[in-house]
Amino acid sequence: MKNRMTLRILSLPENVALARVAVATFVSSLELTLNEIEELKVAVSEAVTNAIVHGYGAKGRGEVTISAQIIGRDLTVVVEDQGRGIEDVELARQPSYSTDPERMGLGFVFMDSFMDRLEVESKPGEGTRVTMYKHYEPRPAAGEASAGVSGKG
């Protein structure tokens, strides 16, 4: 294992930003592109927001745990709550599905499209665990991208 972290936050909307910045800072050793960092931040934001909004609801309070680990060039991020849980995970993962009419229902779509793999485990009344996986390739050093290519034609 190269590194790991765990962050426990209260289920407050203002803590979404804390979670996304913490995970983005944690992966700084992976030398990611700005686009890769933004995609990761969106995926983390969506998972934490789901835990707060759908797991605990507007009036509920609890904790959300965000853990991440880096093994080689592989990142795993887990977001867990002990909230209401999801009745039908497959339905919840469908684009535009939401139990809240004020929401667009795209959280899982973003997580799924920005990460290599997404697993959602949930039990009604017990909570939800979202696990996101991403493999990152090292970026070539300056000048390596064109190695072996001659400007002569």
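The structure we're discussing is the one just above.
Residues numbered from 1 in each chain as written. Predicted model: local features only at pLDDT ≥ 70, side-chain atom pairs only at ≥ 80, totals over all residues. Heavy atoms only, no water.

(A) Highlighting the sheet that holds strand β2 (residues 63-71). Pairing in this open sheet of five strands is antiparallel, and the strands run β1-β2-β3-β5-β4 from one edge to the other. On the outer flanks of this sheet lie β1 (3-10) and β4 (117-123), each paired with one strand and no other. Ignoring which end each strand starts from, the neighbouring axes of this sheet average 10° apart. Examined bridge by bridge, β4 and strand β5 (residues 127-135) share seven bridges and lie antiparallel to one another. When the sheet's bridge partners are listed, L118 is paired in β5 with M132. (Pairing = 2+ DSSP bridges. Helix = DSSP H or I, 4+ residues; strand = E, 2+ residues; numbered from the N terminus. Axes fitted to C-alpha atoms, helices over the stretch in contact; angles between N-to-C directions.)

(B) Molecular detail of the packing of helix α2 (residues 34-56) against helix α4 (residues 107-114). One can describe the packing of α2 onto α4 by two numbers: an axis separation of 9 Å at closest approach and a directional angle of 145°. In the packing of α2 onto α4, the handedness of the crossing is left-handed. Residues E39, V42, A43, E46, A47 and N50 of α2 lie in contact with α4, whose contacting residues are G107, F108, F110, M111 and F114. Along the lines of polarity and charge, the residues of the contact of α2 with α4 split into seven nonpolar, two polar and two charged. (Left-handed = near helix turned anticlockwise from the far one by under 90°. Contact = heavy atoms within 4.5 Å. Nonpolar A, V, L, I, M, F, W, Y, C, P; charged D, E, K, R; others polar.)

(C) Quick look at the packing of helix α1 (residues 15-26) against α2. Contact geometry of α1 with α2 gives a least axis separation of 9 Å together with a crossing angle of 145°. In this structure, α1 crosses over α2, and the sense of that crossing is right-handed. In contact with V16, A19, R20, V23 and A24 of α1, α2 contributes I37, E38, L40, K41, V42, V44, S45, V48, T49 and I52. A class-by-class count of the residues in the contact of α1 with α2 yields ten nonpolar, two polar and three charged.

(D) The side chain of S11, seen in detail. Position of S11 among the secondary structure elements: in the loop between β1 and α1. Not counting the four nearest positions on each side in its chain, S11 is found in contact with I52, Y56, G60, R61, G62 and V64.

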